[in-house]
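# Architecture at a glance
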Amino acid sequence: MRIKLKVWRQAGPDQPGRLETHEVEDVNPDMSFLEMLDVLNEKLMLEGKEPIAFDHDCREGICGTCGVMIDGQAHGPNRNSPTCQLRMRSYKDGDTILAEPFRAKAFPVLKDLVVDRSSFDRLQQSGGYVSVNTGNAPDANAIPVPQKIAEHAMSNAACIGCGACVAACKNASAALFVGAKVSHLSFLPQGKGERHERVLNMVAKMDEEGFGACTNTSECQAACPAGISVQAIAKMNREYMAASLLAEE
Ligand code: SF4
Ligand code: FES
């Protein structure tokens, strides 16, 4: 099939950007969106032109690097699915697709579709970890965790750090990402010791990095490829409230 691609081109962070239009011929419906970009890039390189820069690594829905805004939706039209899992069979012959980078103050554009998501790394470093020694793999079974609690923790641990929640949010809020980290770790006995410090530091860091506040629109949940629920944000708010009250004593 034939696809018309309107794609954002930007030579560098301080350069002006523009939309460029390309016709991609012989697109196989089984190709992923990224493979379609590979085909276009090979053509561009054969013509001596600059290929389109885009982020990717695993192409298996695991690493979280492939986020692209497709027709105004983070990761494209399919629910709970990252860009690398979007197949061209989701489109019809002759369709026009608009591809842009994730847009947020905290995710500056580096080049074309590539954004700098190191603000997520700094958020993670501000408290999204457990610093006590939790032992080796066999020790994981030494502290029994009720099944329901383990399931809540694991559902939130599914976050792949892609940033679609930020890109989909009108406020560019990182509340779903931080909520997932806070929920995952504060549910588990190994993470409880640092839970207050964690939530206070991570919420402060969100503001410092330029992410907006959550206004409960739930676009983040709709865009999240890992299916993280907005209940994670409610959990983060409860954790924050408790930590703030205890910090005042
Ligand atoms: S919460 Fe979902 S959308 Fe946000 S970074 Fe994690 S996986 Fe991506
Ligand atoms: S390339 Fe790793 S999640 Fe898409």
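Definitions and cut-offs
Residues numbered from 1 in each chain as written. Chains lettered and ligands numbered in written order. Predicted model: local features only at pLDDT ≥ 70, side-chain atom pairs only at ≥ 80, totals over all residues. Heavy atoms only, no water. Helix = DSSP H or I, 4+ residues; strand = E, 2+ residues; numbered from the N terminus. Buried < 20%, exposed > 50% of the residue type's maximum accessible area, 1.4 Å probe, protein only. Contact = heavy atoms within 4.5 Å. Areas by Shrake-Rupley, 256 points an atom, 1.4 Å probe, with all protein chains shown as cover. Expected span 1.5 Å × (residues − 1). Arc of directions from axis to C-beta.

## Quick word on the overall build of the protein chain
Of regular secondary structure, the protein chain possesses nine helices and seven strands. Taken over 249 residues, the protein chain has a buried fraction of 44%. Counting only contacts in the protein chain whose residues sit at least 6 apart along the sequence, the fraction spanning at least 24 positions is 68%. In the form shown here, the protein chain has an accessible surface area of approximately 12,700 Å², with 50% of it arising from carbon and sulfur atoms.

## Section: helix α1 (residues 33-46)
Here α1 contains 14 residues, and its C-alpha end-to-end distance of 20 Å stays within 8% of the 20 Å for a straight helix at 1.5 Å per residue. Taken as a whole, α1 has its buried residues at Phe33, Leu34, Met36, Leu37, Leu40, Asn41 and Leu44. Burial along α1 is one-sided: seen end-on, the buried residues are contained in an arc of 150°. Turned more than 90 degrees from where α1 packs its buried face, Glu42 and Leu46 sit exposed. Along its buried surface, α1 packs onto β1 (3-10), β2 (17-24), β3 (69-70) and β5 (96-100). Downstream of α1 by a residue or two, Gly48 has a phi angle that is positive, lying close to 75°.

Treat this as a map of the structure, not an account of what it does.
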